[in-house]
Amino acid sequence: MSSPSGAPIRDVPAAPPPSTSRESLLQAARRVFEDRGYFQARITDITGEAGLAAGSFYTHFQSKESVFDAVATELVPDEFVFTSPPASAAEAMPWLREQLRAHVSRFVQDRRLWLTTQQAALGGASGISAVRDQHATMVERLADVVRAWRSAGIVEARTEDAFLAQALASMAEECLYHWYLLDEVPPPEEDAVNKLCWAWQRVLRMPDPRGNR
Amino acid sequence: MSRPARRSGQGARTRGALLRAGRRVLEERGYHRTRISDITEAANISVGTFYLHFKDKDDLFRQLMITVEDEVFGELTPRQQSVTEDPPTRIAETNRLYLQAFERNAQFWRVIEEAALVEAGSEGILTERRRVYRARTVRAIMRWQAAGLIAPDLDAALAAATLGSMTERCAYHWYVFGSPPELEVATEQLTLAWLDLLGIEAGIPAGGEVVSGDAIRGGSSH
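Visitor: What is the right way to read the overall build of chain B from this model?
Guide: Counting its regular elements, chain B contains nine helices and zero strands. Sequence-ordered secondary structure for chain B, helices as α and strands as β, is α-α-α-α-α-α-α-α-α. Counting all 222 residues of chain B, 36% fall into the buried class. A fraction of 65% describes how many contacts in chain B between residues 6 or more apart in sequence connect residues 24 or more apart.

Visitor: Before we go on, may I ask you to explain the overall build of chain A in this structure?
Guide: Secondary structure assignment for chain A yields eight helices and zero strands. Per-residue burial over chain A gives 43% buried out of 213 residues. Taking as baseline every contact in chain A between residues at least 6 positions apart, the subset at least 24 positions apart corresponds to 67%.

Visitor: Can you walk me through the environment of A:T137 in this structure?
Guide: Structurally, A:T137 can be placed in helix α6 (residues 128–151). Not counting residues up to four positions away in its chain, the partners in contact with A:T137 are A:V76 and A:P77.

Visitor: Sorry, what's going on with the domain arrangement of chain A here?
Guide: Accessible area lost during the coming together of the parts is what is often quoted as the interface size. You can read the domains of chain A as domain 1 (21–70) and domain 2 (76–204). Taken over C-alpha atoms, the centre of domain 1 of chain A sits 29 Å from the centre of domain 2 of chain A.

Visitor: In this structure, what is going on with the nonpolar core? I would like to understand it.
Guide: Side chains of a nonpolar character, in soluble globular proteins, are inclined to be buried together. Among the nonpolar cores identified, the biggest contains 110 residues, and A:A29, A:L142, A:A167, A:L168, A:L176, A:V203 and B:A193 are the most heavily contacted of them. The element best represented in this core is helix α7 (residues 161–182) of chain A, accounting for 14 residues. Not counting the four nearest positions on each side in its chain, A:L176 is found in contact with A:V104, A:F107 and A:A192.

Visitor: Teacher, can you tell me more about the packing of helix α5 (residues 89–122) of chain A against helix α8 (residues 189–204) of chain A here?
Guide: Relative orientation and spacing of two packed helices are given, respectively, by the angle between their axes and the distance between those axes. Residues and elements named next belong to chain A. In contact at an axis separation of 9 Å, α5 and α8 are set at 130° when each is read in the N-to-C sense. The orientation of α5 relative to α8 falls into the category oblique. The way α5 lies across α8 gives a crossing that is right-handed. Contacts from M93, L96, R97, L100, R101, V104, S105 and V108 in α5 reach E189, A192, V193, L196, C197, W200 and Q201 in α8. Residues belonging to the contact of α5 with α8 are distributed by class as follows: 10 nonpolar, two polar and three charged.

Visitor: In this structure, what is going on with the domain arrangement of chain B? I would like to understand it.
Guide: Each assigned domain of chain B is listed with its residue range as follows: domain 1 (9–55) and domain 2 (61–198). Partitioned by chemical class, the residues of the side of domain 1 of chain B that touches domain 2 of chain B number three nonpolar, three polar and two charged.

Visitor: Would you mind going over the environment of A:V203 with me for this structure?
Guide: With respect to the secondary-structure elements, A:V203 resides in helix α8. On a C-alpha basis, the gap between A:V203 and A:A157 in space is 6.4 Å, while along the polypeptide they are 46 residues apart. For A:V203, the residues in contact, after removing those within four places along its chain, are A:A157, A:A167, A:L168, B:A193, B:D196 and B:L197.

Visitor: Please explain α5(A) as it appears in this structure.
Guide: Residues spaced three or four apart along an α-helix point in a common direction, a consequence of the helix completing one turn every 3.6 residues. Its 34 residues place the ends of α5(A) only 41 Å apart at the C-alpha level, less than the 50 Å of an ideal helix rising 1.5 Å per residue. A maximum bend of about 70° is found in α5(A) at A:D110.

Visitor: Could you clarify how one ought to interpret the environment of A:T159 in this entry?
Guide: With respect to the secondary-structure elements, A:T159 resides in the loop between α6 and α7. For A:T159 and A:L204, which are 45 residues apart along the polypeptide, the C-alpha to C-alpha distance reads 8.3 Å. If near-sequence neighbours (up to four positions away) are discounted, A:T159 is found in contact with A:L164, A:A167, B:Q189, B:L192, B:A193 and B:D196.

Visitor: Mind showing me how you'd approach helix α4 (residues 64–72) of chain A here?
Guide: Here α4(A) has its buried residues at A:K64, A:V67, A:F68, A:V71 and A:A72. What you see down the axis of α4(A) is that its buried residues fit within an arc of 135°, all on one side.

Visitor: Can you help me understand the confidence of the model for chain B in this one?
Guide: Low pLDDT marks stretches whose predicted atomic positions should not be read closely. All names here are of chain B. Summarising the model, chain B shows a mean pLDDT of 81, and 80% of its residues fall at 70 or more. Of all the helices and strands in chain B, helix α6 (residues 106–118) carries the lowest mean pLDDT, 77, while helix α9 (residues 183–198) carries the highest, 97. Contacts for the low-pLDDT stretch residues 1–6, under 50 throughout, to residues beyond four places or in other chains number 12 contacts. A low-confidence stretch, residues 208–222 (pLDDT under 50), is modelled with 26 contacts involving residues beyond four sequence positions or located in other chains. ipTM for the predicted complex: 0.83, alongside a pTM of 0.80.

Rules used in this analysis
Residues numbered from 1 in each chain as written. Chains lettered and ligands numbered in written order. Predicted model: local features only at pLDDT ≥ 70, side-chain atom pairs only at ≥ 80, totals over all residues. Helix = DSSP H or I, 4+ residues; strand = E, 2+ residues; numbered from the N terminus. Buried ≥ 20, exposed ≤ 12 C-beta atoms within 10 Å, placed from the backbone. Contact = placed C-beta atoms within 7 Å. Domains from an automatic or database assignment. Core = buried A, V, L, I, M, F, W, Y, C linked by C-beta atoms within 7 Å. Axes fitted to C-alpha atoms, helices over the stretch in contact; angles between N-to-C directions. Parallel < 35°, antiparallel > 145°, perpendicular 65-115°, else oblique. Left-handed = near helix turned anticlockwise from the far one by under 90°. Nonpolar A, V, L, I, M, F, W, Y, C, P; charged D, E, K, R; others polar. Expected span 1.5 Å × (residues − 1). Bend = angle between axes of the 7 residues up to and from the residue. Arc of directions from axis to C-beta. pLDDT = per-residue confidence, 0-100.

This is the structure:
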């Protein structure tokens, strides 16, 4: 399956050479799922890609679903993203921009896997928990940020904290999906960061250090 | 496009039965796993007859999709067009209608999204529909800018894209995957986010709880 946008797919970050056949299978599975989509991928594609005998698959995984679940856990946001926000208003926006930059770059890198996970979940197969976990993690972290900043007087949004977190995470996810998986010409990452920053700052009602709102 | 099959009373009934069965089966099995024979069995109609009405599974799916999409996106047409209509009311109404239509059709919407992720064609239709909807939002924002209700330098296209995305994806997580909040609460909360982004200080009138934090906020445009 080629990219719907026809855009070149950036390589998955150079993974260290696999140390075990389980690791080889995981790396191969990710490539196969990204290329063929969830439903078209077959176990023999994965073992073939890994250069292993078909039977070896079952030493490590029970089924396509189980290897997919293992691959999909790679989508959970990086540990540090959107955690430990600064407590001062002056540092808040620059910090948020940094976090969004990391988030956008991660999405761009993982976009094929993200798409496959959505397919699997919607198709009623596996992947529902991966979709939920990934989104829920992001929402929880943002909710913590919003709560901390509201009590520090940095955020004055009228929307309640929990909804706010849900709204921000959803906005970013859908925008990134459109820009990097549907649009003919994906925007430079910095544009995406600027746009999301602008929208988030307004929804959060945060002061802008430059005095704009 | 479906073949111009017999549109006699019998033909129309058969077609209707296939569409209803198709929707049921697609919602149960998902786009990918649905076979034409599942649909014809559910409708108790022969496979050969199916092909008198539809070219293939995708053809039937598209007919269904157009109906559902018209409901979800199409209902957003404002009842009356008035420049002076107060933005909070209009925005709240639009969000409410969208969420309601989405909720009613959540199961089928899931099928649409699934197909859209895989079939370039369906994706194209969704994109087209979304563009129409976004354009409508942009026009509303621009009218409000002209009326002095929103800062003139606000980027209307970017506001429409980010806010539309926010509402769509929230609905998707709530109704397809999650446990949805109560409709009025969801409507109110989303609307407040719209108002904050647009820099509209007024809260949601009538019916709505009075919006907290009518707070003093540094000028919304300078």
